[in-house]
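Spelled out, the chains give:
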Amino acid sequence: MYRHFGEVTAAGTSPLYERVSIALSESDAAMRAIEAAPARRRHPTAILAALHDLALAGRAPALAAAYAAVDSDAAADAAIDTLLGMTDAVAAIAARRQVRTDETGRYAVLYPAIAEAARRVGANAVGLIDVGCSAGLNLQVDRVGIAYSKGQPLGDASSPVQISCSVVGDRPIPTPTMPEVVSRVGVDLDPVDVTDADDARWLRACLPPDQPERAAGLDAELALAATAPPLLLRGDAAEMLPEALARVPAGALPVVTTTWALSRLPLEGRLRFLHRLDDAATHRAVAWVSAEGVGVAPAIPTMGDRRASGHSIIGLAVFGHSALRADAVGRCWSKGRMLAWLADS
């Protein structure tokens, strides 16, 4: 597993982790130490993130120095030494923490879809509810700047967080601005508090040390989120939806967002989530914006696309008074770095 991770997964994206993973695979002592972690937490992403967390916390200075110098050979030696010398600490972190391998917000996908939901309902204010939110970075979607490749900027041009997205296809991204966001609520089994130093450090630890641009981007997003931290609810998505929806003030449209979160649930759990959304719309309209793999989001059309086709579908469903309108408003690739808008706006 560790050799494959180094030679295939990390190769080309993180030379540092490529070298460290292969070195760990070649050390019998390191392999035995990894067995101190629970079986489901022995994956390279978990152990490497735990080691990185110790380095960032100042508890593994030799490893931190090797990472800072981007010295692959020194990092490999220091990683083995740290793992052998702090086996219990590494195992404890891996057991307690959930790896966040792609934590940055998916703003370029969410912004136009949320604005379209508000337009369809005629809402002047929205309350955002992000399911599977982790640190709730998606909930800052109205506070970032987005530059689309066809020259359609959206969001806040003065924001410290600026992202870009390539647009493919013939239809431009719709340009309506998002209405006022009056509440931000996140639901997650293991939410991450951006105002907590240990939680924020863990998110940084989940990134490879030799990807400074990603780290800088994450730091900017964390700083922005810390100025307007969301309300975080811990628990199952379907079970917590009623409480989350109750936090959206009357007169505002609740917009529930899921970005590659429903694939973690079995079909039964996804259908239960859909039914909870429908139940919540008895007395008020509720919108659901999704970015999920083909066929993952129930009720969202697949347009004949095949599963595991390499792209995801951006869905928009509006529930209201026992009526449901569900559309596929776009396709996206690379977690939203490229998208094709499909809906008439």
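First, a word on scope: everything that follows refers to the structure included in this document. Predicted, not measured: the structure shown is a model, and the values here were computed from it.

### Re the overall build of the chain
And step 1. In terms of helices and strands, the chain carries 12 helices and 11 strands.
And step 2. Oriented by its inertia axes, the alpha-carbon framework of the chain measures out at about 60 × 40 × 40 Å.
And step 3. Split by element, the accessible area of the chain, about 14800 Å² in all, is 51% carbon and sulfur.

### Some words on the pattern of salt bridges
And step 1. Per the counting criterion, the structure on display carries 21 salt bridges.
And step 2. Salt-bridge contacts for glutamate 26 lead to arginine 3; the nearest nitrogen and oxygen are separated by 2.8 Å. On the criterion of sequence distance, the pair formed by glutamate 26 in the loop between α2 (15–25) and α3 (28–34) and arginine 3 in helix α1 (residues 2–9) is long-range, its members being 23 residues apart.
And step 3. The exposure class assigned to glutamate 26 is exposed, which follows from its relative accessible area of 53%.
And step 4. Two residues, aspartate 73 and arginine 19, come together in a salt bridge whose shortest N-O distance is 3.0 Å.

### Some remarks on the packing of helix α9 (residues 197–205) against helix α10 (residues 212–226)
And step 1. Running from amino to carboxyl end, α9 crosses α10 at an angle of 155°, the nearest separation of the two axes being 10 Å. What the angle tells us is that α9 and α10 run roughly antiparallel. Taken as a pair, α9 and α10 cross one another with a handedness that is right-handed. On α10, the residues touching Ala200, Leu203 and Arg204 of α9 are Leu218, Asp219 and Leu222.
And step 2. Along the lines of polarity and charge, the residues of the contact of α9 with α10 split into four nonpolar, no polar and two charged.

### Let's talk about the layout of surface pockets
With a probe scaled to a water molecule rolled over the atoms, the places where space remains empty come into view.
And step 1. By volume, the largest pocket amounts to about 480 Å³.
And step 2. Around the largest pocket sit 20 residues that line it, and Thr104, Gly105, Ile163, Glu221 and Arg337 are the ones nearest its centre.
And step 3. Those elements that provide at least two residues to the lining of the largest pocket are α8 (107–121), β4 (162–167) and α10.
And step 4. With six residues, α10 is the single largest residue contributor to the lining of the largest pocket.
And step 5. When the residues that make up the lining of the largest pocket are grouped by side-chain class, the tally is six nonpolar, seven polar and seven charged.

### A closer look at the environment of methionine 303
And step 1. Take methionine 303: it is sitting in the loop between β8 (286–293) and β9 (312–320).
And step 2. Taking the relative accessible area as the measure of exposure, methionine 303 reaches 37% and is therefore partly exposed.
And step 3. Considered as a pair, methionine 303 and aspartate 327 are 24 residues apart in the sequence and their alpha carbons are 9.7 Å apart.
And step 4. Here methionine 303 is in contact with Ile313, Ala328, Arg331 and Leu342, once residues within four sequence places are set aside.

### Section: the packing of helix α4 (residues 44–56) against helix α5 (residues 61–69)
And step 1. In contact at an axis separation of 8 Å, α4 and α5 are set at 100° when each is read in the N-to-C sense. Viewed along their axes, α4 and α5 adopt a mutual orientation that is roughly perpendicular. Residues Leu51, His52 and Ala55 of α4 pack against Leu63, Ala64 and Tyr67 of α5.
And step 2. Within the contact of α4 with α5, the residues separate by chemical class into five nonpolar, one polar and no charged.

Each value, and the rule that gives it
- Residues numbered from 1 in each chain as written.
- Predicted model: local features only at pLDDT ≥ 70, side-chain atom pairs only at ≥ 80, totals over all residues.
- Heavy atoms only, no water.
- Helix = DSSP H or I, 4+ residues; strand = E, 2+ residues; numbered from the N terminus.
- Areas by Shrake-Rupley, 256 points an atom, 1.4 Å probe, with all protein chains shown as cover.
- Salt bridge = Lys/Arg side-chain N within 4 Å of Asp/Glu carboxyl O.
- Buried < 20%, exposed > 50% of the residue type's maximum accessible area, 1.4 Å probe, protein only.
- Axes fitted to C-alpha atoms, helices over the stretch in contact; angles between N-to-C directions.
- Parallel < 35°, antiparallel > 145°, perpendicular 65-115°, else oblique.
- Left-handed = near helix turned anticlockwise from the far one by under 90°.
- Contact = heavy atoms within 4.5 Å.
- Nonpolar A, V, L, I, M, F, W, Y, C, P; charged D, E, K, R; others polar.
- 1 Å grid on protein atoms, 1.4 Å probe; cavity = no way out; pocket = protein on both sides within 12 Å on 5 of 7 lines; lining within 4 Å.
- Points joined across faces, edges and corners; volume = space filled by probe spheres on them.

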